[in-house]
Amino acid sequence: MKKTNTYLSALLILVTVMMWSAQAFAQEKKIESIQIKTSAMCKQCKDRIENGLAYDKGVKDVTLDVDTKIVTIRYNTKATNPETLRKKISKLGYDADTIPCDKAAYEKLPACCKKDAPKH
Ligand SMILES: [Cu+2]
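Reading the values: rules and limits
- Residues numbered from 1 in each chain as written.
- Predicted model: local features only at pLDDT ≥ 70, side-chain atom pairs only at ≥ 80, totals over all residues.
- Core = buried A, V, L, I, M, F, W, Y, C linked by C-beta atoms within 7 Å.
- Buried ≥ 20, exposed ≤ 12 C-beta atoms within 10 Å, placed from the backbone.
- Helix = DSSP H or I, 4+ residues; strand = E, 2+ residues; numbered from the N terminus.
- Contact = placed C-beta atoms within 7 Å.
- Expected span 1.5 Å × (residues − 1).
- Arc of directions from axis to C-beta.

**Q** Let's hear about the nonpolar core: which residues, and what values?
**A** Counting 17 residues, the largest nonpolar core has Ile49, Ile73, Ile89 and Tyr94 as its most contacted members. If you list the elements that add at least two residues to this core, you get α2 (43–54), β2 (59–65), β3 (70–76) and α3 (82–91). Contacts of Tyr94, omitting those with residues within four sequence positions, involve Thr38, Ser39, Ala40, Cys45, Ile49, Ile89 and Cys101.

**Q** Run through α2, naming residues and quoting values.
**A** Over its 12 residues, α2 runs 16 Å from end to end, which matches the ideal 16 Å to within 8%, given 1.5 Å per residue. Along α2, the positions that sit buried rather than exposed are Cys45, Arg48, Ile49 and Leu53. All buried residues of α2 project into a common sector of 110 degrees when viewed along the axis, lining one side. Of the exposed residues in α2, the ones pointing more than 90 degrees away from its buried face are Asp47, Asn51 and Ala54.

This is the structure we're talking about:
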């Protein structure tokens, strides 16, 4: 009888440990990278978008390439998602893939950052 109890306790501990690690695994951060096409025109746009996103929930880092207008964002999939990130870019006044720029935010951009500005 005593032996059975010891065996059961050991089994119980094992199961508990397994459940803990399963939980820990589920909570583990998952970092993904996404590339979003924006309507950025210049260095100012780059700063505006990078600074605008850098401190957003779940964002690990943001890099915008002015030549290709593509912003690369590394983010925690548990804290944010591509749709939220695109909407945020739109709110900053820029197109983000299929989401058009927020009109009011776009109007506030300096002339050199407007989509019809000459390349500079
Ligand atoms: Cu600009």
